[in-house]
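Listed here are the chains, written in short residue letters.
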Amino acid sequence: MLNNRPKNGDIEFDWTRAALGRKYARKTIELTRSKEDAAACDAGSHCRRVHCSVFIRELNLASGGLGCALWDGGVVLARWIFQNPTVFHGRSVLELGAGCGLAGIICGRFADSVVLTDCNDRLIDNIHYNIAINSTGDSDGNESSDVPDNGLSCQCDANSFRQDLSKTVNASFLDWDGVFNETCEKADSSSFTTNLRNVCTRVDFGRAFASQQWFHCRTCFGGSGTDGVCAPCSNACHKDHDVELAEISSFRCDCPDEEGRCLASSVNSKHLSIEPVDIIIGSELTYCLLSVSSLLSTVDKYLKQDGVFYEVLSEDRDGVEVFVEQAKRAGFIIDVFPVPETLIGRYNTRKWSFQDTERYRFYTFRRTGSQHPVMR
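Predicted model only: the values in this text are computed from it and were never measured.

(A) A look at the pairing of strand E11 (residues 360–367). Along E11, seven of the eight residues are buried, which leaves the element largely enclosed by surrounding structure. The pairing of strand E9 (residues 303–314) with E11 spans seven bridges and is classified as antiparallel. Directly across from Tyr310, in E11, lies its bridge partner Thr364. The sheet contact formed by strand E10 (residues 332–338) and E11 spans seven bridges and is antiparallel. In the strand pairing of E11, Asp335 is matched with Thr364.

(B) Here's a closer look at the pattern of salt bridges. Evaluation of the coordinates by the stated rule reveals seven salt bridges. The salt bridge partner of Arg218 is Asp242, with a shortest N-O separation of 3.3 Å. Of the two residues, Arg218 is situated in helix H8 (residues 218–221) and Asp242 in the loop between helix H9 (231–235) and strand E7 (243–251); the sequence distance between them amounts to 24 residues. Between Arg329 and Glu325 there is a salt bridge; the shortest N-O distance is 3.9 Å.

(C) Looking closely at the packing of aromatic side chains. One pass over the structure, following the stated rule, counts eight aromatic pairs. Judged by centre distance (6.4 Å) and plane angle (45 degrees), the rings of Phe82 and Phe110 are tilted. Separated by 28 residues along the polypeptide, Phe82 in helix H3 (residues 72–83) and Phe110 in the loop between helix H4 (102–107) and strand E4 (113–118) bring together distant segments of the chain. Assigned by exposure class, Phe82 and Phe110 land together as buried. Above the plane of the ring of Phe82 lies Arg33, whose end atom (NZ or CZ) is 4.3 Å from the centre. In this structure, Arg376 is placed above the aromatic ring of Phe337, and the distance from its NZ or CZ to the ring centre is 4.0 Å.

(D) Highlighting the confidence of the model for the protein. Looking at the protein as a whole, its pLDDT mean stands at 77, while 70% of the residues score no less than 70. Summarising per-element confidence for the protein, the mean pLDDT is lowest in helix H1 (residues 15–20) (52) and highest in strand E3 (residues 92–95) (98). Counted against residues more than four places away or in other chains, residues 37–47, with its pLDDT under 50, gives 15 contacts. Note on residues 137–160: pLDDT is under 50 here. Beyond four places in sequence and across chains, it has 51 contacts.

(E) Broad picture of the environment of Leu296. You can see Leu296 is positioned in helix H11 (residues 292–302). Judged by its relative accessible area of 12%, Leu296 falls in the buried class. Sequence spacing of Leu296 and Ala330 is 34 residues, and the spatial spacing of their C-alpha atoms is 8.7 Å. What Leu296 contacts, discounting residues up to four positions off in sequence, is Phe323, Gln326, Ala327, Ala330 and Phe332.

Cut-offs used in this document
Residues numbered from 1 in each chain as written. Predicted model: local features only at pLDDT ≥ 70, side-chain atom pairs only at ≥ 80, totals over all residues. Heavy atoms only, no water. Buried < 20%, exposed > 50% of the residue type's maximum accessible area, 1.4 Å probe, protein only. Helix = DSSP H or I, 4+ residues; strand = E, 2+ residues; numbered from the N terminus. Pairing = 2+ DSSP bridges. Salt bridge = Lys/Arg side-chain N within 4 Å of Asp/Glu carboxyl O. Phe/Tyr/Trp six-rings, centres within 6.5 Å; stacked < 30°, edge-to-face > 60°. Lys NZ or Arg CZ within 6 Å of the ring centre and 35° of its normal. pLDDT = per-residue confidence, 0-100. Contact = heavy atoms within 4.5 Å.

Written out as structure tokens, the structure is:
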């Protein structure tokens, strides 16, 4: 129930099947734009529209949570991006709550760099797969019999869209609550380094010393008083060892474990070091009151001062009004427009209960001085 809105008709979505059904499902999303909007199209005057097909692998609910499948709002966002490529030319982009990665994959065709993020490692693996099958060639040969070599084709010039997305698009784990907690800790104290990506601190600091929590592992180092490990390594590499927090001091992590490997360093492919970007995109991110503060902290941390945050939202979602009000207090200028009818309908997503009654809007969040266009 969203904002006490009554249910319309019978519930047609089978949650049990979504959660426990087959592990993978395939979807094809068709996108079009007029030639006038297609700067990349160099075909002759006979060409009137540019068309592309994007292939998306979905997971079941048990594997991927709510990000397992395509949602209507994400399709609306992808359509808007495809129809407005010049907004992203030469820009760095971060997608929050990427789910299956549709919008970010489209964005990767136009932007200089795109990082798709979510807070589930299985989703990150699936996003990497979807990036691969929409690039030139296939991913790894698995499940490829029904997937064309190229995930994006243009009716007027197919070669104009054939490119390796791995050059511009990547995926990373990102926990908004971790960002929010880090913000709160910095407000309280800056006495030591926190590592919320669960990655060995040597990934960030190399062989340099950094002020941080120092854990002693008796299993690995015995009575040595000079060797210790960082917090992420104490939870990953030394999880079942005899470990205690010794002190907070300036030191360098002495992991690997007794088998000569550092598990916390090996996960850095899913936990990238993310820099502030020109544009943040997302859909249906503000879906409950509990996510409001964490989302705002994340946007504030990763958006450049002159950047822009584009979001597609249903006006019926819980927390939208609170998020908008908090964003205003944080200094954001907000523009809201209804989504054009041309971008609505025939989503090819799973049939959610309220699909026919959703009322989507474009939200543009900018700080003073930002020159980015408004989403409309």
